[in-house]
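# Remarks on the overall topology
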Amino acid sequence: MTDKAQLIGTILPWVAVVACIGVIGWVVTTWMRIKHGYPLDGAWGQAVYPKKNEEVLERVKLVSQENAQLRAELGSVKDRLANVERIVTDDSHRLTQEIDALRLPRN
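Residues numbered from 1 in each chain as written. Predicted model: local features only at pLDDT ≥ 70, side-chain atom pairs only at ≥ 80, totals over all residues. Heavy atoms only, no water.

### Details of the overall build of the protein chain
Rules: Secondary structure follows DSSP: runs of H or I at least 4 residues long count as helices, runs of E at least 2 residues long count as strands, and numbering of each begins at the N terminus. Residue exposure ignores everything except the shown protein chains as possible cover, and the areas themselves are Shrake-Rupley values with a 1.4 Å probe. The charged-residue count follows a simple rule in which Lys and Arg add positive charge and Asp and Glu add negative charge, with His and chain termini not counted at all. Lys charges are placed at NZ, Arg charges at CZ, Asp charges at CG and Glu charges at CD.
Secondary structure assignment for the protein chain yields three helices and zero strands. Seen in sequence order, the protein chain has helices and strands lined up from the N terminus as α-α-α. Total accessible area computed for the protein chain in this model is approximately 10,200 Å², and 64% of it derives from carbon and sulfur atoms. Averaging the positions of the 14 positive and the 13 negative side-chain charges in the protein chain gives two centres separated by 6 Å.

In structure tokens:
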């Protein structure tokens, strides 16, 4: 082996160790920033996600209200669908009796 090859064989494992330590440090730093709520930086230094502010909180409130309205509407649609399924699956004789019972005058 030449001196150059021997030098590369000696230095290369240390370069790999230093690179692995650098990657592990970057992962730990990113994890700590996420855990404590700091914004992450993109490739050019811009924030990847913004910190919470009044506009974001207002948007969350509006979306929550819309979600509640949609859930209520979905509940009423499920009730109506259950009635339609009952009408479709019941035998026609029973349905006719129920309709005739509704037509009779109540005293």
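Picking up where we left off.
### Side note on the pattern of salt bridges
Put simply, the rule reads: Criterion for a salt bridge: a side-chain nitrogen of Lys or Arg within 4 Å of a carboxyl oxygen of Asp or Glu.
Scanning all chains against the criterion turns up two salt bridges. Residue Arg103 is joined to Asp100 by a salt bridge in which the shortest nitrogen-to-oxygen separation is 3.8 Å. With Arg103 and Asp100 both in helix H3 (residues 92–103) and three residues apart, this pair spans about one turn of that helix.

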